[in-house]
Amino acid sequence: MKAPSSSLVVTLWLLPCLALALKQQQHISHNGHSPHHHRRHHRFLQDDANATASQDDSDSTPFRHFVAHNKTMTCSADEHARPFNNQIRGVNLGGWMVLEPWITPSLFYQFLSGRENSTAFDTYTFCEVLGAEEANKQLRNHWDRWVTEEIIQTLAASGAVNSLRLPVGDYMYQPYGPYVGCFDGALDYVDNLLDWAYSSGLTVLFDIHTMKDSQNGFDNSGQALGFQWTSALSAEYVDQISFQHWPIRDARWMGAFDQDTAEYSFIDRENIQHSLKVIQEIVDRYAGHPAVLGLEPVNEPWQYTPIEELKRFYWEGYLIVKKKAPYWKYIMHDSFRLDPNLWGGFMDGCPERALDTHIYQAWRDPDSRIGFYTNACQEKGILATMEREFGPIIVGEWSLATDNCQMWLNGFNDNLPGFPRLPCKYIPCGDSYLGTEQPGVPLNPTKPLQGPYGTGISGPIYGLCPTSRDWVKESSGNPLTGRDWVRAPPQAPKHLDDTDNVMRNLALKKLDAFAGIAHGFYFWNFRSDLYDPQWDYMAALDRGWIPRGSLQQNDEIDLACKREDENDYVCVFKKYQLASAVKDAVHYALEAQNMTSVEDNKIFNLTGRAFQEAADAVISDYFEKFHRQGATCDFGGTTQLVERGRNTTDEDFFYYSDDEYRFESEPSFELWQLALVGVGIALFSALIGFIVAMRCSPKFNARVRSYGVLNPITKSDSAMIRSTLNLPQLSDYDEIKDAIANAEKDDHVF
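Remember, predicted model here, so these are calculated numbers, not experimental data.

S.K.: Talk me through the confidence of the model for the protein; I want residue IDs and the actual numbers.
M.R.: For the protein, per-residue confidence averages 85 on the pLDDT scale, and residues scoring 70 or more make up 84% of the total. Low confidence marks residues 1-54, where pLDDT is under 50. Its contacts with residues over four positions away, or in another chain, come to 68 contacts. Per-residue pLDDT stays below 50 along residues 645-668; that stretch engages in 54 contacts with residues further than four places along the chain or on separate chains.

Rendered as structure tokens:
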């Protein structure tokens, strides 16, 4: 096909910019104000045309709904065609297309007692050791059973899930090395999943979980890179197969990593181009499928990844996506560096982009339940900061695990040095989801811990597998100060088992933190091969740890962090936003609240600070009313959450009691109300004391009746008063009075 002339290309490229400038000029003429007037009087309004013109036109690329600026890796003229106004409530489909031994150990039991050339540790070596034909045979059995249409329907029916995060391998779209032939047919299963999700009303986020030569050295990258057999070094003491991984972990996706300097000596452009081709393949294949939410271009690039190279990769992948899938969300992992100084301003103004962070407590030091509760709620702070400085944040992975005990969590027959921090609970490994035809299944219950052996210990022993520890009740009765968790056994006696209570509280607090501030979350994982609800969403639902039904407007969730929270958050506009974007956001918020009358729309006649304050009020009211229904503080990136103190003096509020695990009403009083109650209590106490003295002390009774000022009481004709105060009949009153006087003269004591 003949290439278009350069003049035609320039003309076509300029059309969107000229149209935008003309539209802005008409806007200025209509309102009688210049862009400078808007900047002087609006703290958040920025002239649309100036925002585009401020960039170097020669380096800008127009898209359907925005303009991309390649040098600065920012965007302008965003029309907010698909605002990120609804939260993600999702789960990960981990272990399906990317193998991780700890998720599906049944696939890896066959490698126990393996030798150096017959042991698999990850997806790469699974295909390499078994060969493409046998590996593909076993994988097809696995794909048939691990994710099914029934499971997808169950997740949707829970009412708490609206999205699925699907880890996929780069090798599925650009096969290389031992993956060639190994994953034949995998894409057919993915196609089926998308159809199941769509039928169940769920969206799917594609997560490219693996990179060629590994982006982090973990087995979840496809290849646990940085590996050495050490059998020869230990042969002097014992004849066993051993290896090391963690002390020499490596990641070569970006190039050659120098472990002495923790820096990359060169950048591997071929690997990066391979990854961009994978993105293109995914976009080409699924751009038209209605179930697709978007794409995550790489999962968990480690913290040593050159940040500028990573950002450039993210930018180039974003442009690939937007050319063919303009409405897809583009979610980027933070590279284990959730830092506003690092990410603030990156891809500023670009629609549908978000940042993914993974928040786990499993690798924290042992702590009390209160320590884990507080830590979970404290995540609100950094999430709110990142939402303000960058934009939409997704917690793409989290779990309920508070220890490192799940078998092979840190690798097949391996563990991180120093882990686990406490002894683990062991339970029967159970039946395999793969059936008895799978090699290595069932486990031999007569075998002790088998090799090959890594630098740490984790594996089945006599048919028992390590799993998460139980939580025990505190004998002091006070979880705030109790220390029984320090010396508690890994498996609690039934009468002391408090795991359900602790896990439910922890789940509610995490849901409060992630759903209350961020744009959503994906739990890791949807299921597990070994029974461990801390890592298994469906099992956690069955145990009652995570509520079924909608997570919106749920007091248990919304108030779970009340004790830990010192501040609340209000939704307001950011500074220097486009006038059209602000008005669109206000219009959306008004319509959502059915505020469409002429009176309500008078806000659009306001200018300057009056409009600024009114717009903030509308958006804040909208967020207050609807955030518990899943609304986010976003509006196409024009708004942000800011902290405020919450004053709850107008009405009683509910809080979730960590100790009693029930809702309790906690009334709130003003100081004058408390003082009034105190005075009332004092007066009531004095009255009771007076009545007791009148009835028990004849002398006090007589003395009271002698005071004329008290005659309205002592001479009352009320039978109830006279009986209560032990007063004589009125006919006897004068005679008694004379007797009292005579008695006092004689110094008698009554």
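S.K.: Quick rundown of the sheet that holds strand β4 (residues 74-76)? Include the residues and the values.
M.R.: Strand order in the open sheet formed by three strands is β2-β3-β4, and the pairing between neighbours is antiparallel. The two strands at the open ends of the sheet, each matched to only one other strand, are β2 (60-62) and β4. This sheet shows a mean twist of 25 degrees between the axes of neighbouring strands, independent of strand direction.

S.K.: Please provide a residue-by-residue account of the nonpolar core, values included.
M.R.: Leu164 and Phe206 are the most contacted members of the largest nonpolar core, which totals 145 residues. Sort the elements by how many residues they give to this core and helix α14 (residues 499-517) lands first, with ten residues. Sequence-distant contacts of Phe206, that is, excluding residues within four places in its chain, are made with Leu166, Val168, Tyr173, Val190, Leu194, Ile282, Tyr286, Val292, Gly294, Leu295 and Glu296. In terms of nonpolar packing, the next biggest core, distinct from the first, is built from 18 residues, Val582, Val586, Phe623 and Phe635 among them.

S.K.: With reference to specific residues and values, describe the state of the cysteines.
M.R.: One way to say it: the disulfide is the covalent bond shared by the sulfur atoms of two cysteines. Across all of its chains, the model carries five disulfides by this definition. In this model, Cys75 is linked to Cys350 through a disulfide, with the two sulfur atoms separated by 2.0 Å. Here the S-S torsion is close to 85 degrees, and the disulfide linking Cys75 with Cys350 is therefore right-handed. Here Cys350 lies in the loop between α11 (340-343) and β14 (353-359) and Cys75 lies in strand β4, a separation of 275 residues in the sequence. Neither Cys75 nor Cys350 differs from the other in exposure class; each is buried. At a sulfur-sulfur separation of 1.9 Å, the disulfide partner of Cys429 is Cys465. Here Cys429 and Cys465 share a disulfide; its torsion about the S-S bond, 100 degrees, makes the bridge right-handed. In this pair, Cys429 sits in the loop between β16 (425-428) and β17 (464-467) while Cys465 sits in strand β17, placing the two residues 36 residues apart along the sequence.

S.K.: Can you tell me about empty space enclosed by the protein, naming the residues and giving the values?
M.R.: Inspection of every chain in the model, using the stated rule, returns five cavities of 30 Å³ or more. If you add up the space inside the largest cavity, you get close to 210 Å³. The residue makeup of the lining of the largest cavity, split by class, is nine nonpolar, two polar and six charged.

S.K.: Account for the pattern of salt bridges, naming residues and giving values.
M.R.: For the coordinates displayed, the defined rule picks out 21 salt bridges. Between Glu296 and Arg165 there is a salt bridge, and its shortest N-O distance comes to 3.2 Å. On the criterion of sequence distance, the pair formed by Glu296 in strand β12 (residues 292-296) and Arg165 in strand β6 (residues 163-168) is long-range, its members being 131 residues apart. Taking relative accessible area as the criterion, Glu296 reaches 1% and is therefore assigned buried. Of the charged contacts in the structure, one is a salt bridge between Asp470 and Lys425, with a shortest N-O distance of 2.8 Å. Within this pair, whereas Asp470 is found in the loop between β17 and α13 (484-487), its partner Lys425 is found in strand β16, the two being separated by 45 residues in sequence. Of the two residues examined, Asp470 and Lys425, each falls in the buried class. Each of the salt bridges in this network shares a partner with another, and the network as a whole consists of Arg165, Asp207, Glu296, Asp356 and Glu397.

Calculation rules
Residues numbered from 1 in each chain as written. Predicted model: local features only at pLDDT ≥ 70, side-chain atom pairs only at ≥ 80, totals over all residues. Heavy atoms only, no water. pLDDT = per-residue confidence, 0-100. Contact = heavy atoms within 4.5 Å. Pairing = 2+ DSSP bridges. Helix = DSSP H or I, 4+ residues; strand = E, 2+ residues; numbered from the N terminus. Axes fitted to C-alpha atoms, helices over the stretch in contact; angles between N-to-C directions. Core = buried A, V, L, I, M, F, W, Y, C linked by side-chain atoms within 4.5 Å. Buried < 20%, exposed > 50% of the residue type's maximum accessible area, 1.4 Å probe, protein only. Disulfide = S-S within 2.5 Å. 1 Å grid on protein atoms, 1.4 Å probe; cavity = no way out; pocket = protein on both sides within 12 Å on 5 of 7 lines; lining within 4 Å. Points joined across faces, edges and corners; volume = space filled by probe spheres on them. Nonpolar A, V, L, I, M, F, W, Y, C, P; charged D, E, K, R; others polar. Salt bridge = Lys/Arg side-chain N within 4 Å of Asp/Glu carboxyl O.

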